[in-house]
Amino acid sequence: PPREEPERPPEAISHEIAVPVEHAVAAVDRILELMRSSPYFYAVPFGVRFIAASEHYLAPQYGRDTCMIEIPQELPTYKQALADIEESLCYGPDNLGGRPHWGQYNELNRERLVELYEKLPEFERVYSEHNAFGTFDNAYTRQIGLIRSDVPEPEPELDLTPLRIGVDHLLS
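This one's a predicted model, so the numbers in the text were calculated from it and none came from an experiment.

**Some thoughts on the packing of aromatic side chains**
- Overall, the coordinates contain 4 aromatic pairs when judged by the stated rule.
- Ring centres of Tyr57 and Tyr62 lie 5.7 Å apart, and the angle between their planes is 85°; on these two criteria the pair is classed as edge-to-face.
- By relative accessible area, which is 17% here, Tyr62 ends up buried.
- When the ring of Trp102 is compared with that of Tyr140, the centres are 6.4 Å apart and the planes differ by 80°; the resulting orientation is edge-to-face. Pair noted here: Trp102 is in the loop between strand E4 (99-100) and helix H3 (110-116) and Tyr140 is in helix H5 (residues 139-143), with a separation of 38 residues, a long-range link.
- Of the aromatic side chains, those joined through ring pairs into one cluster are Trp102, Tyr117 and Tyr140.
- When the ring centre of Tyr91 is taken as reference, the NZ or CZ atom of Arg112 above it lies at 3.8 Å.

Structure follows, in structure tokens:
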């Protein structure tokens, strides 16, 4: 008999939040509570991993040892379910210092970038230097308000010629 093709799995998307390692247990507890009280069905388990602090200004792990919590969700119901978790861990009044993963679903915008990343101005200065013509600008950078800032002009070099002439005159 001909072999039956398996059913195609549902489409899904993933969301990952970085919380300071000291808040790992509280974050997992909060996610479980949000899942229990949510009208959305969570079809798969979420993952937890630990990462050392990063020195990169816009890394979710910047300046702190981090617990990354990844939450997959089936489409098309994912958006509000994941937005609720992100709001609770990252932005709400009793947030746990979470920062969303840049490469997965997130609700980042300019206001949130400023709130989450204290080194954003330094990053934008470097970004501006290396993106003077907008080569790296795209729909996502515009959506989150990542901007090219005004790069300060370098200080003019001092012309030391008159001093050299004066010293040469004294030595002759």
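**Points about the pairing of strand E3 (residues 66-74)**
- Here strand E1 (residues 12-20) pairs with E3 via 9 bridges, running antiparallel. Bridge pairing in E3 places Val19 opposite Cys67.
- Bridge count for strand E2 (residues 47-51) against E3 is 5 bridges, and the pairing is antiparallel. By the bridge assignment for E3, Ile51 is matched with Thr66.

**Focus on the pattern of salt bridges**
- Summed over the entire model, instances satisfying the criterion amount to 7 salt bridges.
- Of the charged contacts in the structure, one is a salt bridge between Arg49 and Glu16, with a shortest N-O distance of 3.0 Å. With Arg49 in strand E2 and Glu16 in strand E1, this residue pair connects regions lying 33 residues apart in the sequence.
- Residue classification places Arg49 among the partly exposed positions, given a relative accessible area of 38%.
- What makes Glu16 buried here is its relative accessible area of 2%.
- A salt bridge links Lys119 to Glu122, with the shortest nitrogen-to-oxygen separation between them at 3.9 Å.
- You can call Lys119 partly exposed: its relative accessible area is 25%.

**Structural notes on helix H1 (residues 24-37)**
- Under the 1.5 Å per step criterion, the end-to-end length of H1 is 20 Å for 14 residues, consistent within 8% with the ideal 20 Å.
- What H1 keeps buried is the set Ala24, Ala27, Arg30, Ile31 and Met35. What you see down the axis of H1 is that its buried residues fit within an arc of 135°, all on one side. For H1, the exposed residues lying more than 90 degrees away from the buried face are Val25 and Arg36.

Each value, and the rule that gives it
- Residues numbered from 1 in each chain as written.
- Predicted model: local features only at pLDDT ≥ 70, side-chain atom pairs only at ≥ 80, totals over all residues.
- Heavy atoms only, no water.
- Phe/Tyr/Trp six-rings, centres within 6.5 Å; stacked < 30°, edge-to-face > 60°.
- Buried < 20%, exposed > 50% of the residue type's maximum accessible area, 1.4 Å probe, protein only.
- Helix = DSSP H or I, 4+ residues; strand = E, 2+ residues; numbered from the N terminus.
- Lys NZ or Arg CZ within 6 Å of the ring centre and 35° of its normal.
- Pairing = 2+ DSSP bridges.
- Salt bridge = Lys/Arg side-chain N within 4 Å of Asp/Glu carboxyl O.
- Expected span 1.5 Å × (residues − 1).
- Arc of directions from axis to C-beta.

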